[in-house]
Amino acid sequence: MRVLIVEDQAEIAALLAEKLAHSGFDADVAASIAEARAAIEAVEYGVMLLDRRLPDGDGVSIIRSVRASRPDMRVLILSAMRDIDEMVDGLDAGADDYLTKPFDPAELMARIRAVLRRPGPQAAPSAQIGALSFELGEQRGFINGRQFLAPRLELVLLGALMRRAGLAVMRADLLEEIYGAQGTDQVDALKMLIHRLRRRLKNQGARADIHAARGIGYLIRSAEE
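Residues numbered from 1 in each chain as written. Predicted model: local features only at pLDDT ≥ 70, side-chain atom pairs only at ≥ 80, totals over all residues. Heavy atoms only, no water.

**Q** So what exactly am I meant to see when it comes to the overall build of the protein chain here?
**A** When helices and strands are tallied, the protein chain shows 8 helices and 14 strands. For the protein chain, the spread of C-alpha atoms along the three principal axes comes to 55 × 35 × 30 Å. For the protein chain, the proportion of contacts with a sequence separation of at least 24, taken over those separated by at least 6, is 58%. Per element, the accessible surface of the protein chain, about 11100 Å² overall, is 49% carbon and sulfur. Taking the average place of the 30 positive charges on the side chains of the protein chain and the average place of its 33 negative ones, the gap between the two points comes to 9 Å. (Helix = DSSP H or I, 4+ residues; strand = E, 2+ residues; numbered from the N terminus. Contact = heavy atoms within 4.5 Å. Areas by Shrake-Rupley, 256 points an atom, 1.4 Å probe, with all protein chains shown as cover. Lys, Arg positive; Asp, Glu negative; His and termini not counted. Charge placed at Lys NZ, Arg CZ, Asp CG, Glu CD.)

Dropping the structure here:
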């Protein structure tokens, strides 16, 4: 899924883009309202991360037109403007969520996953490997049309891998997404979770397998490769 970052501070935009990439999203950056409008006309984005204080005005001003032209796109405001009236203005304008700066990157990713789970005009995007398909927004998997049943943490892990299907996901990113910002020491728990999920996929005929990428993390790919 592609995300549009509307942020005029280059360092913040770069950090956001890097974090999104590690979590399996493709990101573009717009530094102004005008650039954001042009990007939205050219590309189908699933999510927009929107700053308010931009060189050519308040980012909130773009939301209503976005809602008209891209009703399925989720909008999260990321702003240092933390007064309650400002937050209400942003949400009333049509934003799906409002997160004040500074924020924890893990919370941002959780907020993105949350808004993608909400029902919208279009179905949430899905990924498929072998007989396994996974609805990224709903965090649900299916094998040959039958729902893949697994504990919540295994589904979170599977979703993190499926967003980057065929590519290695860094161990640190998996730990953060599954266990939160304080879960960096859960390496052994992650290994056990990988083992259980790998066995469950095999037992249910997913034809998808999880492999260790030495020195990096893990990836999921077709068991037939």
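**Q** Is there a simple way to explain the sheet that holds strand 12 (residues 169-170) in this structure?
**A** Sheet strands line up and pair through hydrogen bonds in the backbone, either parallel or antiparallel. Taken together, the 3 strands give an open sheet; going across it, the order is 12-14-13, and neighbouring strands pair in antiparallel fashion. Each edge of the open sheet carries a strand with a single partner, namely strand 12 and strand 13 (208-213). In terms of strand pairing, strand 12 meets strand 14 (residues 217-222) through 2 bridges, oriented antiparallel. Bridge assignment links V169 to a residue of strand 14, and that residue is Y218. Running at roughly 75 degrees to strand 14, helix 6 (residues 152-162) makes contact with strand 12, strand 13 and strand 14 of the sheet. (Pairing = 2+ DSSP bridges. Axes fitted to C-alpha atoms, helices over the stretch in contact; angles between N-to-C directions.)

**Q** What exactly am I supposed to notice about the sheet that holds strand 7 (residues 97-100) here?
**A** Across the sheet, which stays open at both edges, the 5 strands sit in the order 2-1-3-6-7 with parallel pairing between neighbours. A single partner strand is all that each edge strand has here, and the edge strands are strand 2 (26-30) and strand 7. Strand-to-strand twist of the sheet, defined as the mean angle between neighbouring strand axes without regard to direction, takes the value 20 degrees. Bridge analysis of strand 3 (residues 47-50) against strand 6 (residues 74-79) gives 4 bridges, and the strand direction is parallel.

**Q** Is there a simple way to think about unusual backbone geometry in this case?
**A** Peptide bonds are mostly trans, and most non-glycine residues show a negative phi. Cis rather than trans, the peptide bond between K101 and P102 has omega equal to -10 degrees. As for its position among the elements, P102 is in the loop between strand 7 and helix 5 (105-117). With a phi angle near 50 degrees, N144 is a residue other than glycine that sits in the positive phi range. The phi dihedral of R207 is positive, around 55 degrees, even though this residue is not glycine. Taking relative accessible area as the criterion, R207 reaches 41% and is therefore assigned partly exposed. (Buried < 20%, exposed > 50% of the residue type's maximum accessible area, 1.4 Å probe, protein only.)

**Q** Looking at this structure, how should I read the pattern of salt bridges?
**A** A pair can form between side chains of opposite charge whenever their charged atoms are brought close. A full pass over the atoms with the stated rule returns 14 salt bridges. A salt bridge links R70 to E44; the shortest N-O distance between them is 3.7 Å. Of this pair, R70 sits in the loop between helix 3 (63-69) and strand 6 while E44 sits in the loop between helix 2 (33-42) and strand 3; the two residues are 26 residues apart in sequence, bridging distant segments of the chain. Overall, the relative accessible area of 56% leaves E44 in the exposed class. For E107, the salt bridge goes to R111, with nearest N and O atoms at 2.7 Å. Separated by 4 residues within a single helix, E107 and R111 lie in helix 5, roughly one turn from each other. A relative accessible area of 23% means that R111 is categorised as partly exposed. Here the residues in one salt-bridge network are E7, D51 and K101, joined through shared partners. (Salt bridge = Lys/Arg side-chain N within 4 Å of Asp/Glu carboxyl O.)

The quantities given are spatial measurements derived from coordinates; they are silent on function.
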